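Structure assessment
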There are 2 protein chains.
Amino acid sequence: MIPSFPVVFALYPGVTQLDFTGPYEVLSRLAGARCVLASTTGQGICTPQGLRFEGLQRLSEVRECALLCVPGGYGCVQAMEDQEFLGELRRLAASARYLSSVCTGSLLLGAAGLLRGRRAACHWAWREGLRAFGAIPDEARVVRDGHVFSGGGVTAGIDLALSVMAEVAGERHAQEVQLAIEYAPQPPYDSGRPERAPAEVLAAVNARMQGLRAEREEAISRAAGRLKAVA
Amino acid sequence: MIPSFPVVFALYPGVTQLDFTGPYEVLSRLAGARCVLASTTGQGICTPQGLRFEGLQRLSEVRECALLCVPGGYGCVQAMEDQEFLGELRRLAASARYLSSVCTGSLLLGAAGLLRGRRAACHWAWREGLRAFGAIPDEARVVRDGHVFSGGGVTAGIDLALSVMAEVAGERHAQEVQLAIEYAPQPPYDSGRPERAPAEVLAAVNARMQGLRAEREEAISRAAGRLKAVA
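Residues numbered from 1 in each chain as written. Chains lettered and ligands numbered in written order. Predicted model: local features only at pLDDT ≥ 70, side-chain atom pairs only at ≥ 80, totals over all residues. Heavy atoms only, no water.

**Overview of helix 3 (residues 83–95) of chain A**
Residues and elements named next belong to chain A. Compared with an ideal rise of 1.5 Å per residue, which puts 13 residues at 18 Å, helix 3 spans 19 Å between its outermost C-alpha atoms and is within 8% of the ideal. Residues of helix 3 that are buried include every one of Phe85, Leu86, Glu88, Leu89, Leu92 and Ala93, and no others. When helix 3 is viewed along its axis, its buried side chains cluster within an angular range of 160 degrees and face the same direction. Residues Ala94 and Ser95 are exposed on helix 3 and point more than 90 degrees away from its buried face. Tucked into the core, helix 3 has its buried residues touching strand 1 (5–10), strand 6 (67–70), helix 2 (76–79), strand 7 (98–102) and helix 4 (105–111). The N-terminus of helix 3 is capped by Asp82, whose side-chain oxygen sits 3.1 Å from the backbone nitrogen of Glu84. (Helix = DSSP H or I, 4+ residues; strand = E, 2+ residues; numbered from the N terminus. Expected span 1.5 Å × (residues − 1). Buried < 20%, exposed > 50% of the residue type's maximum accessible area, 1.4 Å probe, protein only. Arc of directions from axis to C-beta. Contact = heavy atoms within 4.5 Å. Polar contact = N/O pair within 3.5 Å; in protein donor to acceptor, adjacent residues only side chain to side chain.)

Okay, here's the thing in structure tokens:
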């Protein structure tokens, strides 16, 4: 199959763990893949809920990257201000065969200047923020534009990873992994998208997101400004 | 909502990480929940693919458990031989409001003697093993029998966790979390169950599972024997 296919997950404090543990479960089963977790400092990462991951590399010490994966999370606001993090995304992207993001990870690809003119997915509540980076928000669950794959919110990472796997190793391989992880989802409700969720459910989630909105929009605006300054 | 709802994930080396990171993502968003990772030794856990989790407690030091979650994984064979692990599952189960398992985690609940006479789900390839522990294999993705919730293979943990959340905190809360994590899955193929997957895909996965079969069946047989000896 593929002799060596380094998959690099670029993490940061406050990442949403399922954004990358979902794709990790899929991609770590890709023949020839070697999954690497990395962050700016190389120190362990803690999620907002307290889950700790250790054994990370420093992003600056990662030499090879066939597939770059950028997850989203509450911490994307701080990551957008981390120039070293964004610089390393650019460096790795320059030689990667594929770029990918899950959820608000596409805002980070955008802040790194990697989505100009490209269609991209994002968590439904934050999708419009992509425009500031010259990207075109797309409401599809998995979006492919050239060598860039992006997924919608959190759980979309599993669909995304299977799509990437089909591209890299063929449909058969992706189907085998799908069967091995019994991915035949049966959500108990039809509440996973804003246009399908009951109105009061959408209102409640929107109200909670509202508290994050000002800070995120300011961070996006600052990151977009810096991007224009260097362009 | 719920004043305090400790959720205990009972881990072991060789666990399949998505078996518990999926439910963790859901259940950590449950109002009042406090998620705890614990193992027999309290030392960090490494998955077969090399993902490392730290910050675990010793199972013997976990005092409170409202919901016990037992994930599956290649390491379930060794965990079935770990009498301290199985003993701690029994101790925690005695006071827990709910028990749950994902994938081959139900074999561990079974080996602990917690599924006698109960219907339970399991990964499709290993479901029949439940009979040795007096459980009734059920092919549904999420099975509830009394206070015991069990899920099928790996990704079923997300569906399972939303069902548990609906039970604990109400449908509305589960629907809100489903929307927040954009759980409106779109698998790229219809290959997630053995009766739906293309025949050659099923044959390839079965061939790979075959290599594990003798060891697993022996471990199940030994664990079932010990269970009868103490019954």
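**Let's talk about the relation of the copies chain B and chain A**
Rotating chain B by 180 degrees and translating it 0.0 Å along the rotation axis places it on chain A, where the RMSD comes to 0.0 Å. One copy is carried onto the other by what is essentially a two-fold rotation axis. In terms of C-alpha distance to the rotation axis, chain B has B:Phe53 as its closest residue, with the C-alpha 2.5 Å off the axis. Comparing interface residues between copies, 100% of those in chain B also sit at the interface in chain A, which points to an isologous, same-surface contact. (Least-squares fit on C-alpha atoms with pLDDT ≥ 70 in both.)

**Examining the side chain of B:Arg213**
With respect to the element layout, B:Arg213 can be found in helix 7 (residues 199–230). Polar side-chain contacts of B:Arg213 include one of 3.3 Å to the backbone oxygen of B:Ala125.

**Quick word on the sheet that holds strand 7 (residues 98–102) of chain B**
All names here are of chain B. Sheet architecture is open: 7 strands sit in the order 5-2-1-6-7-11-10, paired in mixed fashion. Looking at the sheet topology across the chains shown, the edges are occupied by strand 5 (57–58) and strand 10 (142–145). Note: strand 7 against strand 11 (residues 148–151), 4 bridges, orientation parallel. Across the sheet, residue Ser101 finds its bridge partner in strand 11, namely Ser150. Contacts between helix 5 (residues 156–169) and the sheet are confined to strand 1 (5–10), strand 6 (67–70), strand 7, strand 10 and strand 11, with strand 11 contributing the most and set at about 155 degrees to the helix. (Pairing = 2+ DSSP bridges. Axes fitted to C-alpha atoms, helices over the stretch in contact; angles between N-to-C directions.)

**Some remarks on the interface of chain B and chain A**
Between chain B and chain A, the contact holds 61 residues from the first and 61 residues from the second. Surface buried jointly by chain B and chain A totals about 5,600 Å² across both partners, of which 59% is contributed by carbon and sulfur atoms. The largest per-residue losses of area from chain B upon contact with chain A belong to B:Leu179, B:Glu182 and B:Tyr189, which jointly make up 15% of the total buried on that side. On inspection of chain B and its partner chain A, the count reaches 5 salt bridges. Note that A:Arg172 and B:Glu200 form a salt bridge whose closest N and O atoms lie 3.3 Å from each other. The tally of links between chain B and chain A comes to 40 residue pairs in polar contact (both at pLDDT 80 or more). (Buried area = accessible area lost by both parts, 1.4 Å probe. Salt bridge = Lys/Arg side-chain N within 4 Å of Asp/Glu carboxyl O.)

**Some words on the packing of aromatic side chains**
Counted under the stated rule, the structure contains 11 aromatic pairs over all chains. Ring centres of A:Phe9 and A:Phe20 lie 6.4 Å apart, and the angle between their planes is 50 degrees; this geometry places the pair in the tilted category. Pair noted here: A:Phe9 is in strand 1 and A:Phe20 is in helix 1 (residues 17–27), with a separation of 11 residues, a long-range link. A residue is classified by how much of its surface remains accessible, and A:Phe9, at 1% relative accessible area, is buried. With a relative accessible area of 1%, A:Phe20 lands in the buried category. Through successive ring pairs, a cluster of aromatic residues spans A:Phe9, A:Phe20, A:Tyr24, A:Phe53, B:Phe9, B:Phe20, B:Tyr24 and B:Phe53. Against the face of A:Trp126 rests A:Arg216, its NZ or CZ located 4.3 Å from the ring centre. (Phe/Tyr/Trp six-rings, centres within 6.5 Å; stacked < 30°, edge-to-face > 60°. Lys NZ or Arg CZ within 6 Å of the ring centre and 35° of its normal.)

**Describing unusual backbone geometry**
All names here are of chain B. The phi dihedral of Cys103 is positive, around 60 degrees, even though this residue is not glycine. The residue Cys103 is located in the loop between strand 7 and helix 4 (105–111) in this model. Assessed through its relative accessible area of 5%, Cys103 is described here as buried. One non-glycine residue, Glu182, adopts positive backbone phi at about 45 degrees. Summarising the element assignment, Glu182 is placed in the loop between helix 6 (171–180) and helix 7.

**Looking at the confidence of the model for chain A**
Overall, the predicted model of chain A reaches an average pLDDT of 95, with 98% of residues at or above 70. The ipTM value of the predicted complex is 0.95, and its pTM value is 0.96. (pLDDT = per-residue confidence, 0-100.)

**As for the pattern of salt bridges**
Residue and element names in this part refer to chain B. Scanning all chains against the criterion turns up 35 salt bridges over all chains. Between Glu25 and Arg29 there is a salt bridge; the shortest N-O distance is 2.8 Å. The pair Glu25 / Arg29 is uniform in exposure class, with both members buried. Arg193 serves as the salt-bridge partner of Glu195, at 2.6 Å between the closest nitrogen and oxygen. On the basis of relative accessible area, Arg193 is assigned to the buried category, the value being 11%.

**Section: helix 1 (residues 17–27) of chain B**
Of all 11 residues in helix 1 of chain B, 11 are buried, a share of seventy percent or more. For helix 1 of chain B, the set of buried residues is B:Gln17, B:Leu18, B:Asp19, B:Phe20, B:Thr21, B:Gly22, B:Pro23, B:Tyr24, B:Glu25, B:Val26 and B:Leu27.

**Considerations on the sheet that holds strand 2 (residues 33–39) of chain A**
Residues and elements named next belong to chain A. Taken in spatial order, the 7 strands make up an open sheet running 5-2-1-6-7-11-10, and their pairing is mixed. Unpaired on one side and paired on the other, strand 5 (57–58) and strand 10 (142–145) mark the two borders of the sheet. Where strand 1 meets strand 6, 3 bridges bridge the pair, whose relative direction is parallel. Following the sheet pairing, Val8 is matched in strand 6 by Leu68. Along the sheet, helix 3 makes contact with strand 1, strand 5, strand 6 and strand 7, crossing strand 6 at roughly 150 degrees.

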